[in-house]
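Chain residues, written in single-letter form:
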Amino acid sequence: MRERIKTVVLLALVLLSFYLTGSLLFGQPYLETASSPDYEQVETFGEVRPEAELVYPVLCLKTEENWLQLFPWADGYAPVWRALQFLLNPPQLPDVRLRPAFTGERVEIQFPVAVDAVLWFPDSPVASLQIRKITWFAEDAESIWYYDESGKWWQAQGFVPPAAWETRLAVLFKTAPVYTEADAEMLAPFSAGDAVILLPAETPVMSVYAAAAEDLDTEKLLRSFFINPALMRRIEERNGAVIYTDGQRGLRIFAHGELEITVPENEPGTRTLDRAEILQETAQHLHMLGGWPRELFLQSIRINVRSIVYTQHWFTQEIVFNCASRGYRLFGRKAPLSLLFSDRGIIYYNRQILTLSEQLTDPMPLVAPLEALATVAAGLGLRAAGMQVASVEAAYFVEGTTGSRPIAQPSWRIQFTNRQTAVVNGFTGELIAWLQ
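In this report, we go over the structure that sits alongside the text. (Residues numbered from 1 in each chain as written. Predicted model: local features only at pLDDT ≥ 70, side-chain atom pairs only at ≥ 80, totals over all residues. Heavy atoms only, no water.)

**Here we look at the packing of aromatic side chains**
In total, this model carries 20 aromatic pairs according to the counting rule given. Relative to Tyr 396, the ring of Tyr 209 has its centre 5.9 Å away and its plane inclined at 85°; by these criteria the two rings are edge-to-face. Taken as a pair, Tyr 209 in strand β11 (residues 209-213) and Tyr 396 in strand β23 (residues 389-399) lie far apart in primary sequence, 187 residues in all. Each member of the pair, Tyr 209 together with Tyr 396, is buried. Between Trp 292 and Phe 321, the ring centres sit 5.2 Å apart and the planes meet at 90°, which makes this aromatic pair edge-to-face. Residue Trp 292 is found in the loop between α6 (275-288) and β16 (296-303), and its partner Phe 321 is found in strand β17 (residues 316-325); the two are separated by 29 residues along the sequence. An aromatic cluster of three or more residues is present, and its members are Phe 102, Phe 137, Trp 145, Tyr 147 and Trp 153. The ring of Phe 45 has Lys 220 sitting right over it, with the charged end atom 4.7 Å from the ring centre. Above the ring of Phe 331, the side-chain terminus of Arg 413 is found at 5.2 Å from the ring centroid. (Phe/Tyr/Trp six-rings, centres within 6.5 Å; stacked < 30°, edge-to-face > 60°. Helix = DSSP H or I, 4+ residues; strand = E, 2+ residues; numbered from the N terminus. Buried < 20%, exposed > 50% of the residue type's maximum accessible area, 1.4 Å probe, protein only. Lys NZ or Arg CZ within 6 Å of the ring centre and 35° of its normal.)

**Focus on the side chain of Ser 342**
When you line up the elements, Ser 342 lands in strand β19 (residues 337-342). Overall, the relative accessible area of 0% leaves Ser 342 in the buried class. A polar side-chain atom of Ser 342 sits 3.1 Å from the main-chain amide nitrogen of Arg 344. Sequence-distant contacts of Ser 342, that is, excluding residues within four places in its chain, are made with Asn 266, Gly 269, Phe 315, Thr 316, Gln 317 and Ile 347. (Polar contact = N/O pair within 3.5 Å; in protein donor to acceptor, adjacent residues only side chain to side chain. Contact = heavy atoms within 4.5 Å.)

Now the structure itself:
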């Protein structure tokens, strides 16, 4: 009886072995026909901005009496920029020329960084130039002038202005704020070199506002940043900040809403990125890490930036942004967003985008810009004579102490060519701060 049971069990095991072997050989689909495993979808923030929308220039029109100027965040900016884009597509190839000496009526398009005309016109004759400024002079109506990143001027001849071109320009800029050109006496003891310094013709009227930080979805951000969330650890700091890390990359969220990311393994890079790639990568990184809201504007691109902390900046680029709200720039001691990356990915990312929220005071006129300049000159003393002004702008200076909501103070933002910026209280005329 026992032997019979053993025989039955042995026969069953043999049959099971045949079945399992057959399943392995014939029961599994080929890899090519097998369905892909289901992975969690990578989270993103909004749509990727087209390259042509990443670089918005300042638009200027000089008339017989004054200047009209539109910043990218001004009301009515978009239709004017669309109407002027064709100046990036001249009828002929340009030639290198000396700096133009025309001083009369003109149109100027000033980009924050050097741009490729191919972003708007793939077959443009100036596609090989890295353009910083475009100028059309009424005194040389059949030419378009281009100023490139290397400091050269190029003249593209054969331009035929559209019918009633100057009248059309006046219509385009009819709602633009009016500015006057500051002469040497106004700026003294400062100077301006070859730059044109524009001052508002009418004193701006502004209010103090509370500033509100953007509210990012933390869980969505973590799913977008970490490749394998299962390896992620959460660390709480005494100052209220929270760190998330998988041992290779780190994400820190401060109590006041600031976001900081570090990925040291992506430094240094392995190759140089061209300008189009830099813009594409910037848009993609923001698409994955918080989005690119309409209040955020590209300010500068610096290549192979070196610092004390990041010493191996080979083939890297630092992108810095500014933001604006209610028609004025918002700025503080730090940029609202800065991004350092290589072709291998993000190295460092810092973000805190603010907007104006609650109005705290009634609108009041600012002190005159010349009074603000005088305040800065008095504080510098003899050093003022050696400094060149780059721009004078009414803006909101945002600052707040730890644990308090930030306040947006109307101010005069005075930039110098040595990269220093003086901040003057717009209502009292007192110097608030010096920024680098």
